Number of protein chains: 2
Amino acid sequence: MDIATLSIGQFSFVQNAFSFGFAVMAAATLFFWLMKSEVAPEYRLAVVITGLVTAVAGYHYFQIMTSWVSAADTSTGVVVATGVPFNQAYRYVDWLLTVPLLLIELILVMRLSRSETIKKSTMLGGAAALMIILGYPGEVSQTGGLRFVFWVLSMIPFVYIVYQLVVGLKSSIESQPESVKNLVNIAIYLVIGSWLFYPIVYLFPLVGLTGGAAITAVEIGYTIADIVAKAVFGVFIFVIALRKSKLINEKSETAPATENV
Amino acid sequence: MDIATLSIGQFSFVQNAFSFGFAVMAAATLFFWLMKSEVAPEYRLAVVITGLVTAVAGYHYFQIMTSWVSAADTSTGVVVATGVPFNQAYRYVDWLLTVPLLLIELILVMRLSRSETIKKSTMLGGAAALMIILGYPGEVSQTGGLRFVFWVLSMIPFVYIVYQLVVGLKSSIESQPESVKNLVNIAIYLVIGSWLFYPIVYLFPLVGLTGGAAITAVEIGYTIADIVAKAVFGVFIFVIALRKSKLINEKSETAPATENV
């Protein structure tokens, strides 16, 4: 990636997007953790993990922003590379931790049986980690051939996870209460929808998209996809947890918790 | 250690691993402390200490990462030593505090009698501190002979601890409830398994493994071993505490806490 191909406008647009990414992730984290005690004890694990995902992502957006700023000198009115490389790999470090966790938060909020929870968490979380690990060598490789090989390898667990989300969790959705069935469905399609962005962007350098506009599109796109897959997705998980908590409260005939969500 | 023997790829891979180590430790800490109130009061001490171990480790990973970055200049496209030495000794400072604590967290979650808890914590914690203290002079020594002498000295408490974990805690495992017996066993073998890495790596410089690939292997290996011995181990301690809390709740016929873990 040649950072000097960016205009000043593009460079600062990306910088602002990273700052926005950090602010969203940090705010989402505080929201989930501050509201933790408002859901029933059964759902607190899911809500805590939802906040962990955004916390880890927030840390990485801060690091990415710092790395971006140190990669260029803009004091002359144009973008001049300082020589310090922009560390794109922070994204992989982030995903290695957050992607398995966000699949686990979805499984936890569904409250399946203990054996199913452990089985699905292990399989989906493991496949997600494998997907990220297989993407990394291609991302840092200098040749298009290697990039393509690791894209193909990484797509195997990717397709497996999407298949499991669409088909494997289908019967489990049927067992969810009516008031959250639709939300669980939306949460699943949010994951799948936002994820489709990553393998497409990964191929950009292979088809010659490498200039300032392409770099800007990739970084903005990653940021939007991360916000949707972690913070927006997390809000759905939280609302599902809150509604299911309310059902528990109604059953036990005590006063309902927060009602207006 | 000559940092200039590393390629740019190796240098940034290690840097990313340190950042990953920090993120994992920080996330694990927040997780344990946020979930503290979800376990029975009897187990909160174990869970708080579990988070202390990862908090201290997180601090040290941040320091190690900072030291690593300041040891090299990568702005010319190759790794050039700045002359500031990479402070490997942060690891010993970390272990001196975290290794006794992580043995104590294991003893605490087993809830032995008060006298046994104090006796085992003192002996295992003391042996662990002695093991780290004896390793340090060898790590900073410039001669292979001294390194080997302190390796042998440090292995005495090491072997004692492993023996105590395998044999000394065996009878105590028998008294654990059925639903956690297996988890306690796994936790013990996680400690032993991850610990085996340290004495092997310590000998690397003695057998001539000192180039870029060896440095990379050592730092990545230490990071993985630390994550397993502290964060992954901590999750097992937490799940043991959660399951045992549930048993207490069931006995007192109140509503069960989180069930699906």
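Note that the coordinates shown come from a computational prediction; the quantities given were computed from them, not determined experimentally. (Residues numbered from 1 in each chain as written. Chains lettered and ligands numbered in written order. Predicted model: local features only at pLDDT ≥ 70, side-chain atom pairs only at ≥ 80, totals over all residues. Heavy atoms only, no water.)

Asker: I'd like to hear about the overall build of chain A, residue by residue, with values.
Answerer: Secondary structure summary: chain A contains nine helices and two strands in total. Reading the secondary structure of chain A in the N-to-C direction produces α-α-β-β-α-α-α-α-α-α-α. Taken over the C-alpha trace, chain A has a radius of gyration of 20 Å; the compact-globule value for 261 residues is 18 Å, and the two agree within 12%. Each principal axis of the C-alpha distribution contributes one length, and for chain A these read about 70 × 35 × 20 Å. A burial count over chain A gives 53% of its 261 residues as buried. Across chain A, the fraction of contacts at a sequence separation of at least 24, relative to all contacts at a separation of at least 6, is 76%. Within chain A, the 15 negative side-chain charges are centred at a point lying 8 Å from the centre of the 15 positive side-chain charges. (Helix = DSSP H or I, 4+ residues; strand = E, 2+ residues; numbered from the N terminus. Rg over C-alpha atoms; globule rule 2.2 N^0.38 Å. Buried < 20%, exposed > 50% of the residue type's maximum accessible area, 1.4 Å probe, protein only. Contact = heavy atoms within 4.5 Å. Lys, Arg positive; Asp, Glu negative; His and termini not counted. Charge placed at Lys NZ, Arg CZ, Asp CG, Glu CD.)

Asker: How would you explain the relation of the copies chain B and chain A if you had to name every residue and give the values?
Answerer: Relating one copy of the chain to the other takes a rotation about an axis and a shift parallel to that axis. Structural alignment of chain B on chain A gives an RMSD of 0.2 Å, achieved by rotating through 71° and translating 0.0 Å along the axis. Here the symmetry operator amounts to a five-fold rotation axis. (Least-squares fit on C-alpha atoms with pLDDT ≥ 70 in both.)

Asker: Which residues make up the pattern of salt bridges, and what values do they have?
Answerer: Across all of its chains, the model carries 15 salt bridges over all chains by this definition. Residues Lys36(A) and Glu38(B) are paired through a salt bridge, measuring 3.7 Å at the closest nitrogen-oxygen approach. In this pair, Lys36(A) is assigned in the loop between α1 (8–35) and α2 (44–71) and Glu38(B) in the loop between α1 (8–35) and α2 (44–70), connecting two distinct chains. With a relative accessible area of 10%, Lys36(A) lands in the buried category. Linking Arg91(B) and Glu219(B) is a salt bridge whose minimum nitrogen-to-oxygen distance equals 2.8 Å. Of this pair, Arg91(B) sits in helix α3 (residues 90–110) while Glu219(B) sits in helix α9 (residues 212–251), and the two are 128 residues apart along the sequence. When sorted by exposure, Arg91(B) lands in the same class as Glu219(B), which is buried. One network of salt bridges, in which partners are shared, links Arg91(A), Asp94(A), Glu219(A), Asp226(A) and Lys230(A). (Salt bridge = Lys/Arg side-chain N within 4 Å of Asp/Glu carboxyl O.)

Asker: Kindly report on the interface of chain B and chain A, identifying the contributing residues and their values.
Answerer: Contacts between chain B and chain A engage 24 residues on the former and 30 residues on the latter. Summing both partners gives a buried area of about 2400 Å² for chain B against chain A, and 62% of it is carried by carbon and sulfur. The salt bridge involving Arg44(A) is made with Glu38(B); its shortest N-O contact spans 3.4 Å. One can count four residue pairs in polar contact (both at pLDDT 80 or more) joining chain B with chain A. Only α1 and α9 of chain B provide two or more residues apiece to the side of chain B that touches chain A. (Buried area = accessible area lost by both parts, 1.4 Å probe. Polar contact = N/O pair within 3.5 Å; in protein donor to acceptor, adjacent residues only side chain to side chain.)

Asker: Describe helix α9 (residues 212–251) of chain A, and please don't skip the residues or the numbers.
Answerer: The end-to-end C-alpha separation of α9(A) is 58 Å, in line with the 58 Å expected for 40 residues at 1.5 Å each. When the local axis directions of α9(A) are compared, the greatest deviation, roughly 30°, occurs at Val228(A). (Expected span 1.5 Å × (residues − 1). Bend = angle between axes of the 7 residues up to and from the residue.)

Asker: Provide a residue-level description of the packing of α2(A) against helix α3 (residues 90–110) of chain A, including the pertinent values.
Answerer: Angle between the axes and distance between the axes are the two parameters that describe a pair of packed helices. Residue and element names in this part refer to chain A. The geometry of α2 relative to α3 is characterised by a closest axis approach of 9 Å and an angle of 165° between their N-to-C directions. Comparing their axes, α3 and α2 come out roughly antiparallel. Between α2 and α3 lies a crossing of left-handed hand. Counting all contacts with α2, which are made through Leu45, Ala46, Ile49, Thr50, Val53, Val56, Ala57, His60, Tyr61, Gln63, Ile64 and Ser67, the residues of α3 involved are Tyr90, Arg91, Val93, Asp94, Leu97, Thr98, Leu101, Leu102, Ile104, Glu105, Leu108 and Val109. In terms of residue class, the contact of α2 with α3 is made up of 16 nonpolar, five polar and three charged. (Axes fitted to C-alpha atoms, helices over the stretch in contact; angles between N-to-C directions. Parallel < 35°, antiparallel > 145°, perpendicular 65-115°, else oblique. Left-handed = near helix turned anticlockwise from the far one by under 90°. Nonpolar A, V, L, I, M, F, W, Y, C, P; charged D, E, K, R; others polar.)

Asker: Account for unusual backbone geometry, naming residues and giving values.
Answerer: In this structure, Arg111(A) takes a positive phi of about 50° despite not being glycine. Assignment of secondary structure puts Arg111(A) in the loop between α3 and α4 (114–140).

Asker: Quick one: what's the story with the packing of aromatic side chains, residue by residue and with numbers?
Answerer: Both the distance between ring centres and the angle between the ring planes are used here to describe each pair of aromatic rings. For the coordinates displayed, the defined rule picks out 35 aromatic pairs over all chains. Taken together, a centroid distance of 5.1 Å and an interplanar angle of 70° make the contact between Phe31(A) and Phe238(A) edge-to-face. Taken together, the residues span a long stretch of sequence, with Phe31(A) in helix α1 and Phe238(A) in helix α9 at a distance of 207 residues. What makes Phe238(A) buried here is its relative accessible area of 3%. By way of ring pairs, the aromatic residues Tyr92(A), Trp95(A), Tyr136(A), Phe197(A), Tyr198(A), Tyr222(A) and Phe13(B) are connected into one cluster. Over the ring of Tyr43(A) we find Arg111(A); its NZ or CZ atom is 5.9 Å from the centre of that ring. (Phe/Tyr/Trp six-rings, centres within 6.5 Å; stacked < 30°, edge-to-face > 60°. Lys NZ or Arg CZ within 6 Å of the ring centre and 35° of its normal.)

Asker: Kindly report on the side chain of Lys120(A), identifying the contributing residues and their values.
Answerer: Residues and elements named next belong to chain A. By secondary structure assignment, the location of lysine 120 is in helix α4. We note that lysine 120 is buried and unpaired, the nearest opposite charge coming from glutamate 116 at a distance of 4.2 Å. If we ignore the near neighbours within four places in the chain, the residues touching lysine 120 are Ile107, Leu112, Gly125, Gly168, Leu169 and Ser172.

Asker: Tell me about the environment of Tyr43(A), and name the residues and values.
Answerer: Residues and elements named next belong to chain A. As for its placement among the helices and strands, tyrosine 43 is situated in the loop between α1 and α2. Look at tyrosine 43 and you get buried, because its relative accessible area is 4%. The spacing of tyrosine 43 and leucine 242 is 199 residues in sequence and 8.2 Å in space, taken between C-alpha atoms. If we skip the residues at most four places from it in the chain, tyrosine 43 touches Val109, Arg111, Ala241, Lys244, Ser245 and Ile248.

Asker: Go over a nonpolar patch on the surface, please, and point to the residues and values.
Answerer: Residues and elements named next belong to chain A. Taken together, the side chains of Phe148, Val152, Leu206, Val207 and Leu209 present a nonpolar region at the surface, about 420 Å² in accessible area. Mapping leucine 206 onto the fold places it in the loop between α8 (197–202) and α9. A residue is classified by how much of its surface remains accessible, and leucine 206, at 33% relative accessible area, is partly exposed. (Patch = residues over 30% accessible without salt bridge, like charges linked within 9 Å, V, L, I, M, F, W, Y side chains within 5 Å. Areas by Shrake-Rupley, 256 points an atom, 1.4 Å probe, with all protein chains shown as cover.)

Worth remembering: the numbers are spatial, not functional.
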